[in-house]
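Structural characterization, general
One-letter residues, chain by chain:
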Amino acid sequence: MRLTLKIWRQPNAETQGAMHTYEIDGVSDDMSFLEMLDVLNEDLIAKGEDPVAFDSDCREGICGACGLMINGQAHGPEVTTTCQLHMRSFKDGDEIVVEPWRADAFPVVKDLVVDRGAFDRIIQAGGYISVNTGSAPEAHSVPVPRDDAIRAFNVATCIGCGACVAACPNGSASLFMGAKITHLGELPQGQPERDSRVVGMVAQHDAEGFGGCTNIGECTAACPKEIPLDVISRLNWDLHAALRHGH
Amino acid sequence: MTGARASRSTITLKLLMAVSGIAFILFVLAHMYGNLKAFSGHDAYNEYAAHLRTLGEPLLPASGFLWILRAGLIIALVVHVYAAAALWRRAKRARTQRYVVKKNLASSFSSRWMRWGGVAILLFLVWHLLNFSIGKVNVSGGATNDPYNLLVDTFDTWWMTIIYLLAMLALGMHLHHGTWSASQTLGLTNTVRARRNAKALGWILAVVIAGGFSLVPIFVLAGVITK
Amino acid sequence: MTDMPDTTLTGDPSHDAPGQHGDDAAGYYTPGSPLLDTKAPDGPIDQRWQTRKFEARLVNPANRRKLDIIIVGTGLAGGSAAATLGEAGYNVKSFCYQDSPRRAHSIAAQGGINAAKNYKEDGDSVHRLFYDTVKGGDYRSRESNVYRLAEVSTNIIDQCVAQGVPFAREYGGLLDNRSFGGVQVSRTFYARGQTGQQLLIGAYQAMERQVAAGTVEQFTRHEMLELIVVDGKARGIIARDLVTGEIETHLADVVVLATGGYGNVFFLSTNAMGSNVTASWRAHRKGAYMANPCYTQIHPTCIPVTGTHQSKLTLMSESLRNDGRIWVPKNKADCEKDPREIPEEARDYYLERIYPSFGNLVPRDIASRAAKNVCDEGRGVGPAVDGVRRGVYLDFSSAIERLGREGIEEKYDNLFDMYARITGENPYETPMRIYPAVHYVMGGLWVDYDLQSTIPGLFVTGEANFSDHGANRLGASALMQGLADGYFVLPHTIRDYLADGPFEKIDEDHPAVVEARKSVEDRVRHFLSTNGTRSVDSYHRELGNIMWEYCGMERSEDGLKKAIDLIRSLKDDFWRNVKVLGTAESLNQSLEKAGRVADFFELGELMCIDALNRRESCGGHFRSESQTEDGEALRHDDQFAYVAAWEFAGDEELPVLHKEDLVYTAIEMKQRSYK
Ligand SMILES: Cc1cc2nc3c(=O)[nH]c(=O)nc-3n(C[C@H](O)[C@H](O)[C@H](O)COP(=O)(O)OP(=O)(O)OC[C@H]3O[C@@H](n4cnc5c(N)ncnc54)[C@H](O)[C@@H]3O)c2cc1C
Ligand code: HEM
Ligand code: HEM
Ligand code: SF4
Ligand code: F3S
Ligand code: FES
C-alpha cells in the first residue's frame, strides 16, 4: 500500500521542530509500524536525508521503549505497543500523522524520541521495597493470597512506556504511578513503606511537572497493558492514608 | 524523598476539590428540593424562605443558619475554585507543545468540560446571587421583596429561563463527571463494580439535580406556576 | 516438555577416530598455551563456594566509598550487581544504552527461572539442578561454576519475593512451580509469561533505590565503546553519550561487563534491536579471551519471517509443542494451499515420523534442524522470502478437538493472541506457522570462577560471559544465572580484587586513556566521513544471512570456510562503502548501528573459526561431519572436552586458541540416545 506520512522532525531539544510530509510505497500488511519506518529510513538514507529517529528495542511489546502518537492516538489505533502495531490496521492511501509523546516532563530529544527519565526518578522516590541482598527471609515464610498476587501481577505489567502521560489531557503520570503503588501495596512485603512510598512518588511526580489527574480516563484507554483506572483510586487512597498518618 | 509533604501534592488539591464539591452537591440537592416548593404555591414557598432564616433560632441569631451555610459555601467555593485554577495551570504547563492531532477515546465530554463548565457555573452563580440573593434584581421590573413573586417574574422572562437552563446543563455535566471523579479522588473506586456504581451515581445526580432545578423555570415559563 | 535426552552421543573412537580429519581450522588460528582457572577451589564440590567466599578478602566498609566500580549493563546481571554493590557502599556507576535501566533485554524473558527449592517434594535438590545443567550443557561447562549456580539459586527466589516480584502462587498463598524445558521436576518459578520482566523490574527498583541513596549513579543512553586498560588492569571505559554525542571517559578501580548476548550477529534473532557485542568485543581486543563463541542456541518455535523488511523475530513459548502437531505438506505443490484443504494423507508429520518415541517433543536443536531440512527441501510453508518458504505448521486442530477451544484458550490464549496480532491469522482456525530463530548465546567472554576475565579488574556477568551453560542452556536457567552472578557471586568475588584497592589514581591524560579515547573518536569520524553508498542495516542483514546460512543450525567445514571468506570481503566493503549520515554531536542511530555492526563482523568471523575448529556436534553446535549414521549429533569428548578461549592477537594476526580442559569430578560424562 501507499501512504502519506506526516512526521514531526526536530533536530534536538533546543531547536523548534515541524511536521514533514513523506510518501511511502510498497508497505505490506505484515510490517509492523516500526518496520514501516525502517523502510522509510532506508529510503531517506538512500536519498541522503537524515533518517527519522525513534526509540525501540525489544520490538515485542515488553520493554516499553517504543511509543509514538499515531493519528492522535498513543501507540496508534490498537490496544498494543507501537512495535506490535501492524500495517494491516491501515488502508492504502491513508495519511498518518506521527508525533512524539508530548509532555513537558518528557522533553523531545530528537524527532520522535523523548526523554522519559522522569519515570526513573519517580521510582527512585519510593517505587521499591527496601531489602538488601542477602537479608531476605525464606520465600515461603510469608504466604500471599493468590488473588492479591494476581492483582499485584496484573498491574506490575506496566512497561513504563509513557503512553498514559501522552494520552492524558492533563499530562498526568498518575496511571504509571498508580500501577507501581498498587503493585507493591497489594503485597505484604510492600506494607512497611506504604506511606513514605506514595508521598515520595507523588512529590516527585509533581516536581517533574506532570499534571494532576482529573480522572478523565484517556490514560487507561491508551495503555498497552490495560492497566485499569482503579490504580489511581488506590494511589489516592494511599495518599490520604499517608496524610492521616501525618505525612 | 525527604521533605516531601503529602499535603502539598496535586492529589491533596484534588482531595480538597472533591470535599468542597461534595459539599456543593449536598447544598444543591437541598436547594433543588427547596425550590420545588414553588409548586406548592406562593405562601408555602415564602414560608419556606422565611423558615430558612429562622432555622436554628433561638440557638442561633436571626438568619444564623443561613450565615453558617453561606460561610461554609464561600469557603468551599474559594477552595474549589482555587484548586481548580491550580490544577488547570499545572495541566497547561504540563503540555506546552500541543499535538497536531489528538483523539479522545475513552473520556466523556463532561470530563473534558469540567473547567469551562466550572467557569460557566461560576458566572451563573454571580448572576444568580445578584438575581435572587445579594442583589435581588427583578428583570421584569417588579417587586423584589417577595421571593415567590421574584421567582415567577424571573422565569416568565424567556431569556432568563434559557440562561438558567443552560446553566443547569453545565451543572449536570459537572455533576456527571464530578461525582465519579470525587469517588475516584477519595479512593473509593478500587473495583470495576465500584467504578460502575460511581459512574451511575454521577448520571443519577446529574439528572436529578439539573432536572429538578429545571422544573421550576420550565413550569413558570409554561405558565403552570403563576403568581 | 517431557524428559529429553538433551545430551549427545559421544564419539566412538573407532567410528570417527581423532586425526582422521585433521585440524579443520588449521590456517585460521594459532595454537596457544593451555588455560587454567586458578580461582576455583578444590575439594568437595558442595564446599567450594563456601571456601572461596571465605578466602576472598574483605574490604573495610570505610574504604568502600573510595572504590569506584563501573558496571556496564542493567539487565538481570548488571542491575542486580549495581544494587548489591551499591548497598555494600561502593561507588557504582551504571551504564546502559536504553533510556532507562528497566528496558534491558532481560525484560523479554517469558518462561521462568529455575531454583532448587524443592517445594514440590519431587526429588529436586541442588545436586539435581547441578546435574541437569551440566548434562543439558552437553558436558561442556565448568562443574564448579554450575554447582555454585545451583547452590545460590534458592537465595534468588527469597530475594526476589522480598522485593515484591509477583510470582505465580497457589491457592494456599505459596509459590507455584512448573516443569520446564525437558526436566522431570517442577522447579521453574514464573510470573505468567512475563517472568523476565518481573525479575528485571525487581532488580531495577533495587538499583533505583541505590540511585536515590547516592551510591549508584546511572548513565542511561550511554554506550560503552572502549575499555581502558592501564598497566594490564581494567581501569575504566570510554562511553558515548548517545544524546549529545559526547565521548566521555569514566575511570574506576574495576569494570564489570553485564552487556548481554550477541545473538544479533545473525541480524534476525529474538534479541532486542540494540543488543550488541561491542562492549565484550572491545574488551576482547584489549586482552579478554572470548570463549566458545560459536555456541548458539536456536529456538524452534518462533514466528517465521514474513518479508525482507523483517527487523526481529518473536519467540513463542516452547510449551506450545505439548499440544501442537508439527507438519509440512508431503508434496511441494501443496505448499501454497490453504492448510485446511490439505488432506490428512498429504501431510508429513515429520517429527512424529522420524522420532516416533518423542515426536513433537524432541529437543530444541533437533526440532530446529528438522524444520530447516524440510524447508530446504522446498516443503516449507507461508510467504516465500527470497524465493524460499521458511515455516512449518504447528497445528492445534486435533488438540482443539480433544480439549475444546476453551481448553486451548485456557492454556495458551495470550500466545494465540500474540500470534494473531503479529501475523493477522487466527491460530484457532488455521494452523500456526513457526520457524527456528537464534535465541541465546552460550559463548561469551572467558571468566574464571571469580567471574574475572583474563584482564585483571574486568569482571563479566550474565549472558555476556561464557560460564555456566556449556554447549546448551536449559530453559529458565539464563535468568537464574544473571541474578546469581549479580546478587550473590560477583559481590563476593569482586571484593577479593578490590581488597588491593584503591588503585593508583590515573588521570585523563594517561597515554592509555588518551589512546582509548582517540580510537573511539577515530572510528566515529571514519564512519561519518566514509560517504559510501550502503546503509548500515543492509550490511548487517547480509552478514546475518551469511551467519544463518553457514554458522546456524548446521555447520560444515566447507560452509564455514566459505562464510569466513564472505565475511571478510563484506567487512572490507563495509569499511569502505558504508553510508552514515548526520553528525557526531547528536542522537545518531545510524552511527550507533555502524559501530555495532563493525564489531559483529569481527565476532562473526571468530564464531566461524571456533565452529570450524570444533569438529564435533555438541549441544547447540551441530557439525554435519560429526553425526551418527542416523543423523544424530555426535560428541567427541576425547578431543573437545575443553573450553575454546580465543585471544585477540591483532587485526592482521590470527586469533590464538587457548584450551581450558574440562574436568569432572562430581559427575560422570555420559552418553545417551534418543532411540
Ligand atoms: C525472547 C527471550 C526469552 C527468554 N526467555 C528466557 C526464560 O524464560 N528463562 C531464562 O532463564 N532465560 C530466558 N531468556 C534468556 C535471558 O533472558 C537472557 O539471557 C538474560 O536475561 C540476559 O541478561 P543479561 O543481564 O546478561 O543481559 P541483558 O538483559 O541483555 O542486558 C544487557 C544490558 O547491557 C547494556 N548494554 C549492552 N551493550 C552495551 C554497551 N555497549 N554500552 C552500554 N550498555 C550496553 C544494555 O543496555 C542492557 O542494559 C530469554 C531470552 C529472550 C531473548
Ligand atoms: C463555582 C464554580 C466551579 C468551578 C470553577 C468548578 C470547577 C471544577 C473543576 C475544574 C473541577 C475538577 C475537574 C475534574 O475533576 O475533572 C471540579 C470538580 C468538581 N466539582 Fe466543580 N466547579 C465549580 C462549581 C461546582 C459546583 C457548584 C459543584 C457542585 C454542585 C461542583 C462539584 C464538583 C465536584 C463534585 C467535583 C469533583 C471533584 C473531584 O474530582 O475530586 N463544582 N470543579
Ligand atoms: C433553576 C435553578 C435555581 C433556582 C430557581 C434558584 C433559586 C434561588 C432562590 C429563589 C434563591 C434565593 C433564596 C433566598 O434568598 O431565600 C437562591 C439562592 C441561592 N442559590 Fe439558587 N436557584 C437555582 C439554582 C442554583 C444553583 C445551581 C446554585 C449553585 C450552583 C444555586 C446557588 C444558590 C445560592 C448559593 C444561593 C444563595 C443562598 C443565600 O442567600 O445564601 N442556585 N436560589
Ligand atoms: S501505565 Fe500503561 S501506558 Fe502508562 S507507562 Fe505503564 S504501560 Fe505505559
Ligand atoms: S487521562 Fe489523565 S486525568 Fe487522570 S484518569 Fe488518566 S491521568
Ligand atoms: S520496542 Fe519494546 S515495547 Fe515496543
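Quick caveat, the model's predicted, so the values are computed rather than measured.

Rules used throughout
Numbering of residues starts from 1 in every chain and runs along the sequence as written. Think of it this way: whatever chain is written first is A, whatever ligand is written first is 1, and the rest follow in order. For this predicted model, a pLDDT threshold of at least 70 governs which residues receive local features, and a threshold of 80 or more governs which side-chain atom pairs are given and counted, while totals over whole chains, interfaces and linings are taken from all residues. As a rule here, side-chain values cover all heavy atoms of the structure and leave hydrogens and water aside. Donors, by definition, are the N, O and S atoms found within 2.8 Å of a metal, the threshold being 3.2 Å for Na, K and Ca, and water is not counted, so a site can look incomplete. The geometry test gives tetrahedral to four donors whose angles all lie between 85 and 135 degrees, gives square planar to four donors and octahedral to six donors whose opposite members are over 155 degrees apart with all other angles between 65 and 115, and gives irregular to the rest. In DSSP terms, a helix is any run of H or I states spanning at least four residues, a strand is any run of E spanning at least two, and both are numbered starting from the N terminus. Accessibility here uses a 1.4 Å probe with only protein chains present; expressed as a share of the type maximum, an area under 20% marks a residue as buried, one over 50% as exposed, and anything in between as partly exposed. We define proximity as follows: a residue is near a molecule or strand when any one of its heavy atoms falls within 4 Å of that partner. We define a polar contact as two N or O atoms separated by no more than 3.5 Å, with the added condition that, inside protein, one atom must be a possible hydrogen donor and the other a possible acceptor, whereas residues neighbouring each other in sequence contribute only through side-chain atom pairs. Gly counts as polar in this scheme, as do all residues outside two lists: the nonpolar Ala, Val, Leu, Ile, Met, Phe, Trp, Tyr, Cys and Pro, and the charged Asp, Glu, Lys and Arg. Axis lines are fitted through C-alpha atoms, for helices just across the contact stretch, and the angle between N-to-C directions can take any value from 0 to 180 degrees. Each crossing gets its handedness from the near helix: less than a right angle anticlockwise from the far helix is left-handed, clockwise is right-handed. In what follows, a contact means two residues having at least one pair of non-hydrogen atoms within 4.5 Å. Patches here are clusters of residues that have more than 30% relative accessible area and form no salt bridge, with a 9 Å joining cutoff for like charges and a 5 Å cutoff for nonpolar side chains (Val, Leu, Ile, Met, Phe, Trp, Tyr). Calculation of accessible area relied on Shrake-Rupley with a 1.4 Å probe; when residues are assessed, cover is drawn exclusively from the protein chains displayed. Salt bridge, as applied in this entry: a Lys or Arg side-chain nitrogen positioned within 4 Å of an Asp or Glu carboxyl oxygen. DSSP bridges decide pairing: two strands pair if at least two such bridges lie between them. Ring pairs shown here join Phe, Tyr and Trp side chains whose ring centres sit within 6.5 Å, with only the six-membered ring taken for Trp; geometry is labelled stacked below 30 degrees between planes, edge-to-face above 60, and tilted in between. Ring-over charges, as used throughout, are those where CZ of Arg or NZ of Lys falls within 6 Å of the ring centre and within 35 degrees of the ring normal. In these notes the angle categories are as follows: under 35 degrees is roughly parallel, over 145 is roughly antiparallel, 65 to 115 is roughly perpendicular, and the rest is oblique. Buried area: the sum, over both parts, of the accessible surface (1.4 Å probe) that disappears when the two are put together. Start and end positions for the domains come from either an automated domain assignment or a database one.

Some remarks on the coordination of the iron atom of ligand 2
All names here are of chain B. In the first shell of the iron atom of ligand 2, the protein supplies His80 (NE2) and His174 (NE2), at 2.0 Å from the metal. For the iron atom of ligand 2, the six donor atoms are set out with angles of 87 to 179° between them, so the coordination reads as octahedral. Linking histidine 80 in helix 3 (residues 64–94) with histidine 174 in helix 7 (residues 158–185), this pair joins segments that are 94 residues apart in sequence. The two residues histidine 80 and histidine 174 agree in class, both being buried.

Here we look at the site of ligand 3
Residue and element names in this part refer to chain B. Near ligand 3, the surroundings consist of 20 residues, among which His31, Asn35, Arg70, His128 and Ser133 are the closest. Measuring from an oxygen atom of ligand 3, one finds a side-chain N or O atom of arginine 53 at 3.0 Å. In the model, an oxygen atom of ligand 3 is placed 2.4 Å from a nitrogen or oxygen of the arginine 70 side chain. Breaking the shell around ligand 3 down by element, the ones donating at least two residues are helix 1 (10–35), helix 2 (42–54), helix 5 (114–133), helix 6 (147–156), helix 7 and helix 8 (192–221). Ranked by residues supplied to the shell around ligand 3, first place goes to helix 5 with six residues. Residues that form the shell around ligand 3 fall into these classes: 14 nonpolar, four polar and two charged.

A short note on the packing of helix 1 of chain B against helix 8 of chain B
The geometry of a pair of packed helices is captured by two quantities: the angle between their axes and the separation between those axes. All names here are of chain B. Where helix 1 contacts helix 8, the axes come no closer than 9 Å and their chain directions differ by 35°. Helix 8 is crossed by helix 1, and the crossing has left-handed handedness. Together, Ile25, Val28, Leu29, His31, Met32 and Asn35 of helix 1 and Leu205, Val208, Ile209, Gly212, Phe213 and Val216 of helix 8 make up the contact between the two elements.

Topic: a nonpolar patch on the surface
Residues and elements named next belong to chain B. On the surface, a cluster of nonpolar side chains totalling about 720 Å² of accessible area is made up of Trp158, Trp159, Ile162, Ile163, Leu166, Leu169 and Leu221. When residues in the nonpolar patch are grouped by element, the largest group, six residues, is from helix 7. Residue position: isoleucine 163 is located in helix 7. Judged by its relative accessible area of 35%, isoleucine 163 falls in the partly exposed class.

A few points about the coordination of the iron atom of ligand 3
Residues and elements named next belong to chain B. Around the iron atom of ligand 3, the protein contributes the donor atoms His31 (NE2) and His128 (NE2), which lie 1.9 to 2.0 Å from the metal centre. Around the iron atom of ligand 3, the six donor atoms sit at angles spanning 88 to 179°, and that spread fits a shape best called octahedral. Taken together, the residues histidine 31 in helix 1 and histidine 128 in helix 5 connect sequence positions 97 residues apart.

Examining the sheet that holds strand 4 (residues 91–95) of chain C
All names here are of chain C. Spatially, five strands are ordered 7-4-3-11-21 in an open sheet, and the strand pairing comes out parallel. The open sheet is flanked by strand 7 (216–219) and strand 21 (458–460), the only strands paired with a single partner. Each strand axis lies, on average, 20° off the axis of its neighbour in the sheet, ignoring direction. Lying over the sheet, helix 3 (residues 76–88) contacts strand 3 (68–72), strand 4 and strand 7, oriented at roughly 165° with respect to strand 3.

A look at the side chain of C:Arg369
Residue and element names in this part refer to chain C. Mapped onto the secondary structure, arginine 369 falls in helix 9 (residues 364–376). Arginine 369 sits in the buried class, given a relative accessible area of 8%. Once residues lying within four places of it in the same chain are set aside, the contact partners of arginine 369 are Met553, Glu554 and Phe622.

Overview of the pattern of salt bridges
All names here are of chain C. For the structure shown, the criterion picks out 81 salt bridges over all chains. With a closest N to O distance of 2.4 Å, arginine 623 and aspartate 24 form a salt bridge. Residue arginine 623 is located in the loop between helix 15 (589–613) and strand 22 (634–635), and its partner aspartate 24 is located in the loop between strand 1 (9–10) and strand 2 (30–31); the two are separated by 599 residues in the primary sequence. This pair shows no difference in class: arginine 623 is buried, exactly as aspartate 24 is. In this structure, lysine 39 engages aspartate 450 in a salt bridge whose closest nitrogen and oxygen atoms are separated by 3.9 Å.

Let's talk about the packing of aromatic side chains
Residue and element names in this part refer to chain C. Under the definition given, this model contains 37 aromatic pairs over all chains. Their ring planes at 10° and their centres at 6.2 Å tell us that tyrosine 412 and phenylalanine 416 sit as a pair that is stacked. In this pair, tyrosine 412 and phenylalanine 416 are both assigned in helix 10 (residues 397–423), four residues apart and thus about one turn of the helix distant. Residue class for tyrosine 412 comes out buried when judged on its relative accessible area of 4%. A relative accessible area of 1% means that phenylalanine 416 is categorised as buried. Between the aromatic rings of phenylalanine 416 and tyrosine 428, the centroid separation amounts to 4.7 Å while the plane-to-plane angle is 45°, which identifies the pairing as tilted. Taken together, the residues span a long stretch of sequence, with phenylalanine 416 in helix 10 and tyrosine 428 in the loop between helix 10 and strand 19 (432–441) at a distance of twelve residues. By relative accessible area, tyrosine 428 is classed as buried at 14%. Aromatic ring contacts, followed pair by pair, group Phe527, Tyr539, Phe574, Trp575 and Phe601 into a single cluster. Directly above the aromatic system of tyrosine 190 lies the positively charged group of arginine 178, at a separation of 3.9 Å from the ring centroid.

Digging into the packing of helix 1 (residues 48–55) of chain C against helix 5 (residues 143–163) of chain C
All names here are of chain C. Where helix 1 meets helix 5, the closest approach of the two axes is 9 Å, and the angle between their N-to-C directions is 90°. One element, helix 1, and the other, helix 5, form an angle in the roughly perpendicular class. Where helix 1 abuts helix 5, its residues Arg48, Trp49 and Gln50 lie against Glu143, Ser144, Arg148, Glu151 and Val152. Here the residues of the contact of helix 1 with helix 5 sort into two nonpolar, two polar and four charged.

Comments concerning the interface of chain A and chain C
When the parts of a complex come together, some accessible area is lost, and that lost area is often used as the size of the interface. Of the residues lining the interface, 75 residues belong to chain A; the matching set on chain C comes to 74 residues. Buried surface at the junction of chain A and chain C, summed over both partners, amounts to about 6000 Å²; 51% is from carbon and sulfur atoms. Summed over the shared surface of chain A and chain C, the number is four salt bridges. One salt bridge in this structure joins C:Lys117 and A:Glu138, with 2.9 Å as the shortest N-O distance. Counting across the chain A and chain C interface gives 49 residue pairs in polar contact (both at pLDDT 80 or more). Breaking the side of chain A that touches chain C down by element, the ones donating at least two residues are helix 1 (33–46), strand 6 (108–110), strand 7 (113–114), helix 2 (117–124), helix 3 (146–156) and helix 5 (174–185) of chain A. Sorting elements by how many residues they give to the side of chain A that touches chain C places helix 3 of chain A first, with seven residues.

Quick word on the domain arrangement of chain C
Residue and element names in this part refer to chain C. As assigned here, chain C comprises domain 1 (8–20 + 512–638) and domain 2 (299–438). Distance between the C-alpha centres of domain 1 and domain 2: 29 Å. On the domain 2 side, the residues contacting the eight residues of domain 1 number 14 residues. Both sides together, the interface formed by domain 1 and domain 2 hides about 920 Å², and carbon and sulfur atoms give 53% of it. Considering only the side of domain 1, the residues that lose the most area to domain 2 are Arg541, Trp548 and Met553, jointly responsible for 57% of the buried surface there. Where domain 1 packs against domain 2, one counts two residue pairs in polar contact (both at pLDDT 80 or more). Within the side of domain 1 that touches domain 2, the residues separate by chemical class into three nonpolar, one polar and four charged.

Comments concerning the sheet that holds strand 9 (residues 233–241) of chain C
Residues and elements named next belong to chain C. One open sheet holds the three strands; their spatial order is 8-9-10, and the pairing between them is antiparallel. The open sheet terminates on both sides in strands that have one partner only, identified here as strand 8 (222–230) and strand 10 (247–251). Sheet twist, expressed as the average angle between the axes of neighbouring strands with direction ignored, equals 25°. As judged from the five bridges shared by strand 9 and strand 10, these two strands associate in the antiparallel manner. If you follow alanine 239 over to strand 10, its bridge partner there is glutamate 248.

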